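Close look at the chain arrangement
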Amino acid sequence: MDYSKFMDASFDAKDWVNTAFRQHKEPGVSLDQHATTMVMKLQMFIQEVNNVLEEASQQALQNLPRVTRELDAVKQESVLLRDQMRSVKQDIETVEKNTAQSMQMLLTLDSIKSRMKTTADALKEADNWTTLSADMEDVFQSQDVTKITEKLAGMQQSLQILVDTPDYADKCQHLEKLKNRLEALISPQLVAAFNAQSLEATQRFTQMFEDMDRLPQLYKYYHKCYKSQLLQSWRTISETEGSVAEHLTELYDLLLSTWHMQMMWTSSVFKEPVPVIVDMLTDTLLTLDPSLSTCFASHLQHSGDTLPALLELKQITERFAKSIETAVEACMNDGLAEATSLEQLLLAVYQPYRPYLVKYKVFEEVALGKQLDNIPLDHEEIFDTVQLLAESVSKVFSAANTSSERCRQLTNGFCFLGLLEAFKTFFCTYTREVRRVVVNIGEKCRVGQSEEAEDWSNFQHSLRIIQTCGFLVMHTEDLDKQLISSILHTLAPLTPPHADHAKRVNSQLHTLTFQASLFLTNTDDVAALESFVMQLEEGDRPSVLTEVMTDLGRLSEEVHKLAFEIVFAQLKNYLADVATMEVWTSQSAGGALTSDLPSFSLAPQEYITKIGQYLMTLPQHLDPFTMQDSPALTVALTHSKLPYTSEQEPPEHLADLWLESVARGTMHVFGEEILKIPELTPHGTKQLVMDIEYLCNVLDDLGLQTSETLSQIETLLKVSAQDFTDTAEVMPQRISHTIAAMRHIEV
């Protein structure tokens, strides 16, 4: 039986019992017999454990006196040790007190000795300087550059000791002249060693320049040597047949291969080869003849379309920039000089693009303007014009999306602010053209409108224009979200705190400030871009096309107004002559005196019955146009307002809102026309009340309420002359005074 399981910290009795019964395989032995055997074994094991515990306890009790005696001994020894340490401490303090003066004297003597040694070294070095200086002419005559270097190194070492001498400046100047002589002596051999890539010779010259403390001068020879080779290769490339893109590709291939070849060779020559080679490549790019800026200008002049041509070149440059950056970073040791050199190289790589990207907004405005010029909006027929307006939406936003993607590819997203300004101009121009077309449509509708016949085709056209406005708003909202997403995806990783997780903490290569400086020359533009991106991250700018959305809202409202005028034109015609109708000044109807006749004997006049019929049939004309499932109509109405309606959420059926708008407009115009009536006879007053009541009944059948103004007019027309003053006190003065003048009642 395995008893080791009982020592586990996570022992479970049930698991142990189940396991023991599962392992029972003895033939002819029942489970009860097996359980009895297990219980007996466990009891025996328990007895054995008890025996061990008892034996261990007895042994511990027997050992306790001995342990106590040993602890007492240790305690006595610790007390003795404490007393001895206290005695030693007192002895040390006594020695320090007695020898303090002697130690001070020793320190003074040691200081004197150090000063005397320094003086002796200075005298020795001064003598050494004099000796070396006197021997320099003979050494130069021997042309032995090794000995000359040794002598100059010795003079330089001596000069470090003589820094406080009166003629120190003269000595420095003299040493520099000697170094210049040696440099002139070995420069032909040095250039030959570089050209031949002679490892041994180059290492020897490098050590010489290092001993003379002139490594920067050695690097200048290296730059001059290999830069001249690269410049000659570029002249050959630029003179061959081919496009600028092909020449640019060859140049970048040459620079990249030069990096790899020089890195393999100079790693055995220079202690820090990365900044040396990178600086040489940077110097080469900045001194190309012809320059890349000249080549770009010529290429763009012949291409016609600036941005596509510039994008083609930039894609070539981008591939080279990523390749050289990856190659350099793989060889870097996190040194500041290396990072600075790489920054300067990247600035030189993108230098030809910066003059054009300063004008990026203008270039995009021109490109978008050309796209807009190719989008037809006008036609002689209204139907075709409305169709062109609807088709223009997809074309406009296709051009906008193309520009957005081009901005990301050409400028890596760092000219998004310029793109937004270009979008503002683009959409402003587009909406201005749409307004012009809408005005022309409105004029055509008014010219072709009949006073009697009800032509609903123009209203259908206007609804399609409203739907187009809705699509414009919806597409603009989508474009706005896409722009924000693209800006954050492209630029947000470069802003704090994301920039803290860059590949190299000691380098500014992966920050928005540096990356933006590759494309933007103005530091204010860089700061504005960084602030803009941080506002988007923090949610302070929920939209980047706010002004465009506002302009589209105004356009939608203007189109709604046009549609309303088309629907309301017939009603306006019916109400045009209300104020000048003769019935208001008539004393009777049909030659009979009617002043005492009851009101129900009168009938509403033809103009008001036509208005009632028009309003009653309006829903059936509106439903086919507004009951269709078109979210664009709802969106357009959300960003505008129908005339004579309050600011509220659109109802479930737009026909209800249109009916309310037309009815409220009818009541408003009818009320204003009533107030223009110069005079009302009692018969005219009753007839006018009848007309108002008829209109109110029609509105009630349509489920609409009578306007407050029309209700007040009706009340003042119904009230008797005796009660007019009391009733007029709670009415607006404009209405009460006008009605009183009509009825010849003094207030």
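Here, every reference points to the structure presented above.
Since we're looking at a predicted model, the values are computed, not measured.

1. A short note on the overall build of the protein chain
- A count of helical and extended segments in the protein chain gives 26 helices and two strands.
- Counting all 747 residues of the protein chain, 41% fall into the buried class.
- Once local pairs closer than 6 in sequence are excluded, the contacts in the protein chain between residues at least 24 apart make up 75%.
- Carbon and sulfur atoms provide 53% of the accessible area of the protein chain, an area that totals close to 41,300 Å².

2. Considering the pattern of salt bridges
- On inspection of all chains with the given rule, the structure shows 22 salt bridges.
- In this structure, the salt-bridge partner of Lys361 is Glu365, at a minimum N-O distance of 3.2 Å. Taken together, the residues Lys361 and Glu365, both in helix H13 (residues 360–373) and four residues apart, mark about one turn of the helix.
- Overall, Lys361 belongs to the partly exposed group, its relative accessible area being 32%.
- Between Lys424 and Glu547 there is a salt bridge; the shortest N-O distance is 3.3 Å. Residue Lys424 is found in helix H15 (residues 416–447), and its partner Glu547 is found in helix H19 (residues 546–575); the two are separated by 123 residues along the sequence.
- Look at Lys424 and you get partly exposed, because its relative accessible area is 29%.
- A network of salt bridges, in which partner residues are shared, links Arg435, Asp551, Arg554 and Glu558.

3. Quick look at a nonpolar patch on the surface
- A surface patch of nonpolar side chains, about 620 Å² in accessible area, is lined by Met103, Met105, Leu106, Leu109, Ile112 and Met116.
- One can find Met105 in helix H2 (residues 31–142).

4. Side note on unusual backbone geometry
- At the junction of Asp289 and Pro290, the peptide bond is cis and its omega measures out at 0° in the coordinates.
- By the secondary structure assignment, Pro290 is in the loop between helix H8 (273–286) and helix H9 (292–303).
- If you check the backbone angles, Asn412 has positive phi at about 55° while not being a glycine.
- Examined against the element boundaries, Asn412 turns out to sit in the loop between helix H14 (382–411) and H15.
- Exposure remark for Asn412: the relative accessible area of 18% places this residue in the buried category.
- Here the phi dihedral of His744 falls at roughly 60°; this positive angle occurs in a residue that is not glycine.
- Structurally, His744 is set in the segment after helix H26 (733–742).

5. Looking at the packing of helix H22 (residues 654–674) against helix H23 (residues 682–701)
- Taken N-terminus to C-terminus, the directions of H22 and H23 make an angle of 170°; their axes are 12 Å apart at the nearest point. Here H23 runs roughly antiparallel to H22, going by the angle between their axes. Of the residues in H23, those in contact with Ala663, Met667, Phe670 and Ile674 of H22 are Leu688, Ile692, Leu695 and Leu699.
- Its residues assigned to classes, the contact of H22 with H23 comprises eight nonpolar, no polar and no charged.

6. Some details on the packing of helix H16 (residues 457–491) against helix H18 (residues 523–538)
- Between H16 and H18, whose axes approach to 10 Å, the crossing angle comes to 115°. In terms of orientation, H16 lies roughly perpendicular with respect to H18. The way H16 lies across H18 gives a crossing that is left-handed. Of H18, the residues touching H16 (which contributes Ile484, Ile487, Leu488 and Leu491) are Leu529, Phe532, Val533, Leu536 and Glu537.

7. Digging into helix H11 (residues 336–350)
- The end-to-end C-alpha separation of H11 is 22 Å, in line with the 21 Å expected for 15 residues at 1.5 Å each.
- Taken together, the buried positions of H11 are Glu338, Ala339, Ser341, Leu342, Glu343, Leu345, Leu346, Ala348, Val349 and Tyr350.
- Tucked inside the fold, the buried residues of H11 contact helix H7 (244–266), H8, helix H10 (306–331), helix H12 (354–357) and helix H17 (512–517).

8. Here we look at the packing of aromatic side chains
- Enumeration over the complete set of coordinates arrives at 13 aromatic pairs.
- Ring geometry for Phe296 versus Tyr353: centroids 5.1 Å apart, planes at 65°, classification edge-to-face. With Phe296 in helix H9 and Tyr353 in the loop between H11 and H12, the pair connects residues that are 57 residues apart, well separated along the chain.
- For Phe296, a relative accessible area of 0% corresponds to the buried category.
- Seen in terms of ring centroids, Phe459 and Trp658 are 5.2 Å apart; in terms of plane orientation they differ by 85°. Their pairing is edge-to-face. In this pair, Phe459 is assigned in helix H16 and Trp658 in helix H22, connecting sequence segments 199 residues apart. Trp658 shares its class with Phe459; the two are buried.
- Every member of this aromatic cluster is reached through a ring pair, and the members are Phe296, Tyr350, Tyr353, Phe414 and Phe519.

So, how was this worked out
Residues numbered from 1 in each chain as written. Predicted model: local features only at pLDDT ≥ 70, side-chain atom pairs only at ≥ 80, totals over all residues. Heavy atoms only, no water. Helix = DSSP H or I, 4+ residues; strand = E, 2+ residues; numbered from the N terminus. Buried < 20%, exposed > 50% of the residue type's maximum accessible area, 1.4 Å probe, protein only. Contact = heavy atoms within 4.5 Å. Areas by Shrake-Rupley, 256 points an atom, 1.4 Å probe, with all protein chains shown as cover. Salt bridge = Lys/Arg side-chain N within 4 Å of Asp/Glu carboxyl O. Patch = residues over 30% accessible without salt bridge, like charges linked within 9 Å, V, L, I, M, F, W, Y side chains within 5 Å. Axes fitted to C-alpha atoms, helices over the stretch in contact; angles between N-to-C directions. Parallel < 35°, antiparallel > 145°, perpendicular 65-115°, else oblique. Nonpolar A, V, L, I, M, F, W, Y, C, P; charged D, E, K, R; others polar. Left-handed = near helix turned anticlockwise from the far one by under 90°. Expected span 1.5 Å × (residues − 1). Phe/Tyr/Trp six-rings, centres within 6.5 Å; stacked < 30°, edge-to-face > 60°.

Such coordinate-based values are descriptive only and should not be taken to indicate function.
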